[in-house]
Amino acid sequence: MLHHWILDFNSYRVFCDVKTNRDLKRLETLKACLRNANLNSQIQDVQALPSKQVVLIQLADLLLGMASARMNHTLRQGSAKEALVLYLEQKLNRRLAATYRSEHKFNIFKINLQGGW
């Protein structure tokens with residue numbers, strides 16, 4: 001994942017939700033891993049921000065939750081989440097599903113951790 005979804009010759013700033021744990025160097029480690037795995041792209045920064053105070057992280061969480069529910073078949077019929085997913089799919093004019101990384105739209109990358117793509 002560190003290499004296949006970051007495009008060559010692009011510049012990235014990565015924002016993560018603040019997590020408290022014992023590893024104080026986890027962001028530095030993530031930044032180093034991203035840079036080492038993507039030599040032809042530029043990882044400018046990896047920064048942790050409190051999601052409660054950053055609207056774009058909240059939006060990312062909302063979109064990820066919607067995509068995850070569709071991809072994992074956990075939508076309950078008649079639920080508010082289903083209504084949101086159906087609304088988004090109507091606006092996108094397509095069902096939420098795995099996409100190619102080169103598509104210029106709302107992309108969903110499905111990763112098979114047991115091997116293969």
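Scope of this entry: the structure provided in the associated data block. A quick note: this is a predicted structure, and the numbers were derived from the prediction, not measured.

To continue, consider the packing of helix α2 (residues 55–71) against helix α3 (residues 80–92). Running from N to C, α2 and α3 cross one another at 95°; their axes reach a closest spacing of 10 Å. Regarding the angle of α2 to α3, the classification is roughly perpendicular. The residues of α3 that touch α2, namely those facing Leu62, Leu63, Gly65, Met66, Ala69 and Arg70, are Lys81, Leu84, Val85, Leu86, Leu88 and Glu89.

With respect to the helices and strands, leucine 75 occurs in the loop between α2 and α3. In sequence terms leucine 75 and valine 85 are 10 residues apart; their C-alpha atoms lie 8.7 Å from each other. Setting aside residues no more than four positions away along its own chain, leucine 75 makes contact with Ala69, Arg70, Lys81, Glu82 and Val85.

This paragraph deals with α3. Since the α-helix turns once every 3.6 residues, residues separated by three or four places project in the same direction. Taking 1.5 Å of rise per residue, 13 residues should cover 18 Å, and α3 covers 18 Å from first to last C-alpha, within 8% of that figure. Turning to α3, its buried residues number three or more, namely Glu82, Val85, Leu88 and Glu89. Buried residues along α3 cover an arc of 130° about the axis, so they all sit on one side. Of the exposed residues in α3, the ones pointing more than 90 degrees away from its buried face are Ala80, Gln90 and Lys91. Against the buried residues of α3 lie α2. After α3 finishes, the residue asparagine 93 shows a positive phi value of roughly 60°.

The end-to-end C-alpha separation of α2 is 24 Å, in line with the 24 Å expected for 17 residues at 1.5 Å each. Here α2 has its buried residues at Ile57, Met66, Ala67, Ala69 and Arg70. For α2, the secondary structure elements touched by its buried residues are β1 (11–17), β2 (42–49) and α3. A positive phi of about 55° marks histidine 73, the residue just after α2.

The rules behind these values
Residues numbered from 1 in each chain as written. Predicted model: local features only at pLDDT ≥ 70, side-chain atom pairs only at ≥ 80, totals over all residues. Heavy atoms only, no water. Axes fitted to C-alpha atoms, helices over the stretch in contact; angles between N-to-C directions. Helix = DSSP H or I, 4+ residues; strand = E, 2+ residues; numbered from the N terminus. Parallel < 35°, antiparallel > 145°, perpendicular 65-115°, else oblique. Contact = heavy atoms within 4.5 Å. Expected span 1.5 Å × (residues − 1). Buried < 20%, exposed > 50% of the residue type's maximum accessible area, 1.4 Å probe, protein only. Arc of directions from axis to C-beta.

Read these as layout, nothing more, since geometry by itself doesn't imply function.
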